[in-house]
2 protein chains.
Amino acid sequence: AKMIASAAYRMGLNVAIIENHSNSPAGDMTKNDFVNGWTIKDDLDRFIEISDIITLENEFIDPAILRYISNKRLVYPSPDTMQLIQDKYSQKSTFADNHLPVPIFREINSAEDGITFGREFGFPFILKTRKYGYDGYGNATVIDQTTAVSAFEKFKNKDSSILLMAESFVDFDKELAVMIARNQNGDIVVYPTVETIQKNHICHEVIAPAMIDANLRLQAQNLAIEAVKSINGVGMFGVELFLRKGGNILINEIAPRPHNSGHYTIEACYTSQFENTIRAVCNLPLGSGELICGGAAMINLLGERDGLGVPKDVSQILKYPTVSLHLYNKKQSRIGRKMGHITAVSQSTHEAHNIAKLAADSIVW
Amino acid sequence: AKMIASAAYRMGLNVAIIENHSNSPAGDMTKNDFVNGWTIKDDLDRFIEISDIITLENEFIDPAILRYISNKRLVYPSPDTMQLIQDKYSQKSTFADNHLPVPIFREINSAEDGITFGREFGFPFILKTRKYGYDGYGNATVIDQTTAVSAFEKFKNKDSSILLMAESFVDFDKELAVMIARNQNGDIVVYPTVETIQKNHICHEVIAPAMIDANLRLQAQNLAIEAVKSINGVGMFGVELFLRKGGNILINEIAPRPHNSGHYTIEACYTSQFENTIRAVCNLPLGSGELICGGAAMINLLGERDGLGVPKDVSQILKYPTVSLHLYNKKQSRIGRKMGHITAVSQSTHEAHNIAKLAADSIVW
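These lines cover the structure that appears in this document, whether it is placed above or below. (Residues numbered from 1 in each chain as written. Chains lettered and ligands numbered in written order. Predicted model: local features only at pLDDT ≥ 70, side-chain atom pairs only at ≥ 80, totals over all residues. Heavy atoms only, no water.)

## Quick word on the overall build of chain A
For clarity, the cut-off: Runs of H or I in DSSP of at least four residues are treated as helices and runs of E of at least two as strands, each being numbered from the N terminus. When we talk radius of gyration, it's over C-alpha atoms, and the globule rule is simply 2.2 Å times the number of residues to the 0.38. Note on classification: 1.4 Å probe, protein chains only; a residue is buried when its accessible area is under 20% of the maximum for its type, exposed when over 50%, partly exposed between these limits. Contacts are assigned to residue pairs that have any heavy atoms within 4.5 Å of one another.
Check the secondary structure of chain A and you find twelve helices and 19 strands. For 365 residues, the compact-globule estimate of 2.2 N^0.38 gives 21 Å, and the C-alpha radius of gyration of chain A, at 21 Å, lies within 12% of that figure. Viewed in the frame of its principal axes, chain A has a C-alpha envelope of about 55 × 50 × 45 Å. Expressed as a percentage of the 365 residues in chain A, the buried residues total 58%. Considering only contacts in chain A between residues 6 or more positions apart, those separated by 24 or more positions represent 61%.

Take a look at the structure:
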């Protein structure tokens, strides 16, 4: 939200933030800060009243609220797109219906459904909640018939109304991601295909462009474009993909917003994902997503303690002259929480990655 | 101020703004917005109280106020440096004392002093106020003995206490500028030598790097470094220089802040002048000022009417995919007022300049 707000300010716009607590990183950047969340109707109405165009920085808002907003103001991505994306089963069905390659997936409405899925498509597979999962939360790995039952029951015991799906386990070589901007005119800008490296299901490093065959990069870009078109996406979208050994690419899922895998675009591309978010939702011409440099690497700064959100010392990071430091000003750190990131840009991707790793190791929390 | 604030936010800092009116572009970006100016002691004290480090976005503040602040908080550039710079005669004397090349200059305390200067060093020359001039305000061109008298009297009739100086007219080939960041440790980062093109004494275009011999670019950078050292500058400094026919370079003057000639660094350099401003005043290691691309060009968007600060249509500018648009969100436009700028980056300076010119022509006010 903070980085979207900065892009809006740069273009001369004003910014209003609605969040369910005060002192949020982006809320600190404006006087138009609505801190009681979007479920308090009066606050939401005041927020709508002073806004011209509304966008989202996460996908966890009830589509009914988005529809309420959309009766009064432009909202992008649209409530329909958001509803479709929020349910990962609908999302994947849409891709499959449009002949886009995805892992095998099925609805799971009983423990027996899970056993059947494993028998038919093999163990291990992933049992996941259809909604509200992120960074590995809401996922369970099912290794055999016994865990198919226990995983199903564990989810249902937490919340009996929860909807589940199964997805075949993809033995991938690399995880890829492509950012796509699309405005209401249908203009599309595609960013380079990047490689993402996860640690404990959390995006940890991004290497741009992905160090894979150029044809595979192009194929991933084309799949990402088709995926965004299939959901009628307007705004900025992060398309996550799997590259399997042998060169086969599958779409994993789509995030309807600026994405961690696109943070590198601030320094490394002609137009950042944040500026193109603003341009897309305002239906303005989009800026180039091409690299301005040879290569870039981004590494997340994850919380290493539960406590204050401020690192003890950043001066070692700043000694790398081609590294940019971003701190999000989150007030509290938790172990594993995304507190900031660094980006290194260089004439080659490999060199950028090496510099980024050295720099990231030097922060003191 | 807005662009400095954005750089501070990016690095996880909070921002407070003190300005003598409400709804200032940077004031809109924070809740810590002090709108009664720095001459109301209570407001100034509250501003000081919540701030850790204070910097300036213009040079027109009374050094006595800076000294008052500096008793309680770090202020960069220092009150001494600011006092020295504010008086262009002291500024030039400091450069001359340090054997740095400057146009011939003298104090002018009477109309006769002006006549003497013209006789000794030739007409035309420039008669200027020692303090508070900018963008050509406070300058008069003296073409002969008669205008030496009339120009002197015109200044004195406006304000009898005004201090004046004369400077020989420099028949330059190009105007150059170099941004220098310097922290309290004395670390220095120098940005590329750029060419600035003025219209009616207002910076209109910046071409980076300057399309001149590489040795001349280096010479300008070295002069700029020495100039900043000579005034013990800590912060960000824009050093303006004249390139005379034949390759002789003179220092014109220095601005103790991010400078219009350095706006291109946001897109075109590893570290922007705004981020290095923050790093310098926080005594952090400085980022690289080198170009990340082949070349860049910046063009100011000057107000073309007296009225609202919002352009009618920016969509034509945004159709140039490698052009970035910055609008300052100033509430009122005046003819010639700097309302925003665009930057084009490209593999060559020449191409960037051509694209920037096409794009700048396409905005509709």
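## Notes on the pattern of salt bridges
Opposite charge on two side chains permits pairing when their charged atoms draw close. Residue and element names in this part refer to chain B. The condition that has to hold: Note on definitions: salt bridges are taken to be side-chain nitrogens of Lys or Arg within 4 Å of carboxyl oxygens of Asp or Glu.
Applying the stated criterion across every chain yields a total of 32 salt bridges over all chains. A salt bridge links Lys 88 to Glu 253; its shortest N-O distance comes to 3.5 Å. Placement of the pair is Lys 88 in helix H5 (residues 88-97) and Glu 253 in strand E14 (residues 249-255), with a sequence separation of 165 residues. Here Lys 88 matches Glu 253 in class, with each residue buried. For Glu 226, the salt bridge goes to Lys 229, with nearest N and O atoms at 3.7 Å. With Glu 226 and Lys 229 both in helix H8 (residues 214-230) and three residues apart, the pair spans about one turn of that helix.

## Side note on the relation of the copies chain B and chain A
Our working definition: Only residues with pLDDT of at least 70 in both copies count here: their C-alpha atoms drive the least-squares fit that superposes the copies.
Note on the identical chains: chain B maps onto chain A by a rotation of 180 degrees and an axial translation of 0.0 Å, with an RMSD of 0.0 Å. Expressed as a symmetry operation, the mapping of one chain copy onto the other fits a two-fold axis. Interface residue correspondence from chain B to chain A reaches 100%, placing this contact among same-surface, isologous pairings.

## Focus: the interface of chain B and chain A
Stated formally: Note: buried area is the sum, over both parts, of the accessible area (probe 1.4 Å) each one loses when the two are combined. As used in this structure description, the phrase polar contact means that two N or O atoms lie within 3.5 Å; if the pair is within protein, one of them must be able to donate a hydrogen and the other to accept it, and residues adjacent in sequence are counted only when both atoms belong to side chains.
At the interface, 40 residues of chain B touch 40 residues of chain A. Carbon and sulfur atoms supply 55% of the area that chain B and chain A bury against each other, a total of about 3300 Å² over both sides. Inspection of the region where chain B meets chain A yields four salt bridges. Between Asp33(B) and Lys31(A) there is a salt bridge, and its shortest N-O distance comes to 2.9 Å. Counting across the chain B and chain A interface gives 20 residue pairs in polar contact (both at pLDDT 80 or more).

## A few points about the sheet that holds strand E6 (residues 125-129) of chain A
All names here are of chain A. Rules: Strand pairing is defined by DSSP finding a minimum of two bridges between the two strands. Whenever a helix is involved, its axis is fitted only over the stretch in contact; in every case the axis is a line through C-alpha atoms, and angles between N-to-C directions fall within 0 to 180 degrees.
If you walk across this open sheet you meet the four strands as E5-E8-E6-E7, and the pairing is antiparallel. Two strands in the sheet have a free side with no partner beyond their single neighbour: strand E5 (105-108) and strand E7 (139-142). On average, each strand axis in the sheet is tilted by 25 degrees relative to the strand beside it, whichever way the strands run. Across four bridges, the pairing between E6 and E7 is antiparallel. Directly across from Ile 126, in E7, lies its bridge partner Thr 141. Against the sheet, helix H5 (residues 88-97) engages E5, E6 and strand E8 (164-168), with an angle of about 145 degrees to E5. Packing of helix H7 (residues 145-158) onto the sheet brings it into contact with E5, E6, E7 and E8, and relative to E7 it is tilted by some 165 degrees.

## What about the packing of aromatic side chains?
The following threshold applies: Pairing of aromatic rings covers Phe, Tyr and Trp, the last counted by its six-membered ring, and requires centre-to-centre distances within 6.5 Å; plane angles under 30 degrees mean stacked, over 60 mean edge-to-face, and any other angle means tilted.
Counted according to the given criterion, the structure contains 13 aromatic pairs over all chains. When the ring of Phe34(A) is compared with that of Phe47(A), the centres are 5.6 Å apart and the planes differ by 75 degrees; the resulting orientation is edge-to-face. One end of the pair, Phe34(A), is in strand E2 (residues 33-34); the other, Phe47(A), is in helix H2 (residues 41-50), with 13 residues separating them in the sequence. Relative accessible area serves as the criterion here: at 6%, Phe34(A) is assigned to the buried category. Taking the centre distance of 4.9 Å and the plane angle of 55 degrees together, the rings of Phe117(B) and Phe121(B) count as tilted. Within this pair, Phe117(B) and its partner Phe121(B) are both found in helix H6 (residues 111-121), separated by four residues, close to a single helical turn. A network of ring pairs unites the aromatic residues Phe117(A), Phe121(A), Phe123(A) and Phe125(A) as a single cluster.

## Some words on the pairing of E6(A)
One face of the sheet, then the other: side chains in a regular strand alternate in exactly this way. Residues and elements named next belong to chain A. Burial analysis of E6 places five of its five residues in the buried class, which makes it a mostly covered element. Side chains Phe 125, Leu 127 and Thr 129 project from E6 onto one buried face, and the interleaved Ile 126 and Lys 128 project onto a second face that is buried too. Bridge count for E6 against E8 is five bridges, and the pairing is antiparallel. Looking across to E8, one finds that Leu 127 is bridged to Ala 166.

## Things to note about unusual backbone geometry
The omega torsion across Phe123(A) and Pro124(A) is -10 degrees, close enough to zero to call that bond cis. Relative to the helices and strands, Pro124(A) is located in the loop between helix H6 (111-121) and E6. A cis geometry characterises the amide bond from Ala208(B) onward to Pro209(B), with omega recorded as -10 degrees. With respect to the helices and strands, the residue Pro209(B) is situated in the loop between strand E12 (202-208) and H8. Despite not being glycine, His99(A) has its phi angle at roughly 60 degrees, a positive value.

## Looking at the state of the cysteines
All names here are of chain B. Here is the rule: Throughout, a disulfide means two cysteine sulfur atoms within 2.5 Å of one another.
Across all of its chains, the model carries zero disulfides over all chains by this definition. Among the cysteines around Cys 269, which has no disulfide bond, Cys 293 carries the closest sulfur, lying 7.3 Å off. The class of Cys 269 is buried, set by a relative accessible area of 5%.

## Some remarks on the side chain of Lys88(A)
Residue class for Lys88(A) comes out buried when judged on its relative accessible area of 12%. Beyond its immediate sequence surroundings of up to four residues, Lys88(A) is in contact with Lys128(A), Thr129(A), Arg130(A), Gly133(A), Met165(A) and Glu253(A).

## Considering the sheet that holds strand E8 (residues 164-168) of chain B
All names here are of chain B. On the basis of which strands lie adjacent, the open sheet formed by four strands has the order E5-E8-E6-E7 and antiparallel pairing. Only two strands of the sheet have a single partner each, and these edge strands are strand E5 (105-108) and strand E7 (139-142). Averaged over all pairs of adjacent strands, the angle between strand axes in this sheet comes to 25 degrees, irrespective of strand direction. Where H5 meets the sheet, its contacts fall on E5, strand E6 (125-129) and E8, and the angle it forms with E5 comes to roughly 145 degrees. On top of the sheet, H6 reaches E5, E6 and E8; it is set at about 160 degrees to E5, its chief contact.

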